[in-house]
Amino acid sequence: MIVALIPAAGVGTRIGGDLPKQYQLLAGRPLLAYSIEAFAASAEISAIYVVVAPADQSFGGVALSARAEALTRTLPVGGASRHESVLNGLEALAKELDPADWVLVHDAARPGLTAALVARLLAALLQDPVGGLLALPVADTLKAERADGKAATVSHTVDRAGLWQAQTPQMFRFGLLREALAGALKANRPVTDEASAIEALGFAPRLVRGSPSNFKVTYPEDLELAEKLLKGQ
Ligand code: CTP
Ligand code: MG
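Residues numbered from 1 in each chain as written. Chains lettered and ligands numbered in written order. Predicted model: local features only at pLDDT ≥ 70, side-chain atom pairs only at ≥ 80, totals over all residues. Heavy atoms only, no water.

## Regarding the pattern of salt bridges
No. 1: Following the criterion strictly, the structure yields eight salt bridges and no others.
No. 2: One salt bridge connects D107 with R82, and the closest N-O pair in it is separated by 2.8 Å. In this pair, D107 is assigned in the loop between β6 (102-105) and α4 (115-125) and R82 in helix α3 (residues 82-92), connecting sequence segments 25 residues apart.
No. 3: Through salt bridges with shared partners, one network takes in R82, D107, R110 and E194. (Salt bridge = Lys/Arg side-chain N within 4 Å of Asp/Glu carboxyl O. Helix = DSSP H or I, 4+ residues; strand = E, 2+ residues; numbered from the N terminus.)

What follows is the structure in structure tokens.
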């Protein structure tokens, strides 16, 4: 079985606004709806689990297509960090998922996901022993800043050769992923993506080429960019 798990229990500190980021509107639709619909449009995905905050009052108001509605279930077990939200979601599914089932973890804040990207990830990884993630080779020159607490100035240039930016979905088998995230939390090693936890166990996740459109909406101007992309401007 192949399922999607969407952590959507953050508050969106960097974007600000009255609503948590995942519920802010993009072309009139909550951000979260786009990722759900992308998975619903992927025939291989048999369930879409959305991790929301325990006190969430907003999910019920998200309008979905009939197919998305039928596949989606909320898990009101969001935690203090993305790491904990994903782990809590996996724990909540322990009875219904098999250790060998694939889980595609995807940020609610990446509305640019498409069924074609999901298909690319699945085609690359379904036969893989470990799993992997969508990512993009770094194109810009990278600067490290001086840690002197003043206005940002360059300390040195970081070689970008061989560096990739991690995106989501990140696709791993349920059993391994749960073990990896639980182990990292227990060892007090917070992770910002699933792959880091898998890497810490000595595995090498595969890098599958993502898309610039699959960027993470983080700041207010990102929402404007996402809207322009969506409208083909
Ligand atoms: N997330 C979550 N639980 C948390 C924190 C984040 O489920 N405690 C989710 C967010 O809802 C988002 C994804 O993880 O879909 C990626 O996180 P990020 O872009 O950092 O969103 P926020 O944490 O909400 O934003 P910020 O860091 O600016 O506060
Ligand atoms: Mg965050």
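## A closer look at the site of ligand 1
No. 1: As a structural note, the neighbourhood of ligand 1 is formed by 19 residues, with G12, T13, K21, S85 and K216 the closest of them.
No. 2: R14 has a polar side-chain atom sitting 2.8 Å from an oxygen atom of ligand 1.
No. 3: Contact between ligand 1 and A108: an oxygen atom at 3.0 Å from a main-chain N or O atom of the residue.
No. 4: Notes on ligand 1: free accessible area 560 Å², of which the protein chains cover 88%.
No. 5: Of the residues belonging to the shell around ligand 1, the class tally is seven nonpolar, seven polar and five charged. (Near = heavy atom within 4 Å. Polar contact = N/O pair within 3.5 Å; in protein donor to acceptor, adjacent residues only side chain to side chain. Areas by Shrake-Rupley, 256 points an atom, 1.4 Å probe, with all protein chains shown as cover. Nonpolar A, V, L, I, M, F, W, Y, C, P; charged D, E, K, R; others polar.)

## Details of the sheet that holds strand β11 (residues 206-209)
Neighbouring strands of a sheet are bound in pairs by backbone hydrogen bonds; such pairs are parallel or else antiparallel.
No. 1: Within the open sheet, the seven strands sit side by side as β5-β4-β1-β6-β10-β7-β11. Their pairing is mixed. At either end of the open sheet lies a strand with only one pairing partner, and these are β5 (72-75) and β11. Taking each pair of neighbouring strands and ignoring which way they run, the sheet shows an average axis angle of 30 degrees.
No. 2: Strand direction decides the pairing type here: strand β7 (residues 131-137) and β11, joined by four bridges, are parallel. Bridge pairing in β11 links L134 to V208.
No. 3: Docked against the sheet, helix α5 (residues 174-186) engages β6 and β10 (164-173), running at close to 120 degrees with respect to β10. (Pairing = 2+ DSSP bridges. Axes fitted to C-alpha atoms, helices over the stretch in contact; angles between N-to-C directions. Contact = heavy atoms within 4.5 Å.)

## Remarks on the environment of L26
No. 1: Structurally, L26 can be placed in strand β2 (residues 25-26).
No. 2: The buried category is assigned to L26, whose relative accessible area is 1%.
No. 3: A C-alpha to C-alpha distance of 20 Å links L26 and P169, two positions 143 residues apart in sequence.
No. 4: Apart from residues no more than four positions distant in its own chain, L26 is found in contact with L31, Y34, P111, L223, A226, E227 and L230. (Buried < 20%, exposed > 50% of the residue type's maximum accessible area, 1.4 Å probe, protein only.)

## Structural notes on the nonpolar core
No. 1: Formed by 32 residues in total, the largest nonpolar core has its most connected members in L32, I36, F39, I48, F59 and L104.
No. 2: With six residues, the single largest contributor to this core is helix α1 (residues 31-40).
No. 3: Counting 27 residues, the second largest nonpolar core, distinct from the first, contains A47, L93, V105 and A180. (Core = buried A, V, L, I, M, F, W, Y, C linked by side-chain atoms within 4.5 Å.)

## Looking at α3
No. 1: Of the positions making up α3, those classed as buried are H83, S85, V86, L87, G89 and L90.
No. 2: Residues of α3 that are buried make contact with β1 (2-7), β4 (47-51), β5, β6, α5 and α6 (194-200).

## Overview of the pairing of β5
No. 1: Of the strand pairs in this sheet, β4 and β5 are connected by four bridges, and their pairing is parallel. Following the sheet pairing, V51 is matched in β5 by L75.
No. 2: For the handedness criterion, the β-α-β arrangement of β4, helix α2 (residues 66-71) and β5 is classed as right-handed. (Right-handed = clockwise from strand over helix to strand, strands pointing away.)

## Re the environment of A115
No. 1: Along the polypeptide, A115 turns up in helix α4.
No. 2: Of the residues examined, A115 reaches a relative accessible area of 28% and is grouped as partly exposed.
No. 3: Each C-alpha atom of the pair A115 and E37 lies 8.7 Å from the other, and the pair is 78 residues apart in sequence.
No. 4: A115 has contacts with A38, A41 and S42, leaving out every residue within four places of it along the chain.

## Concerning the side chain of Q22
No. 1: Inspection of the secondary structure puts Q22 in the loop between β1 and β2.
No. 2: Polar side-chain contacts of Q22 include one of 3.1 Å to the backbone oxygen of G10.
No. 3: Residue contacts for Q22: discarding those within four places in its chain leaves A8, A9, G10, P30, L31, L32 and A108.

## Notes on the packing of α3 against α5
No. 1: One way to put it is that α3 packs onto α5 with a least axis distance of 10 Å and a crossing angle of 135 degrees. Considered as vectors, α3 and α5 are oriented oblique to each other. α5 is crossed by α3, and the crossing has left-handed handedness. For the pair formed by α3 and α5, the contact residues are H83, E84, V86, L87, L90 and E91 on the first element and F174, L177, R178, L181, A182, A184 and L185 on the second. (Parallel < 35°, antiparallel > 145°, perpendicular 65-115°, else oblique. Left-handed = near helix turned anticlockwise from the far one by under 90°.)

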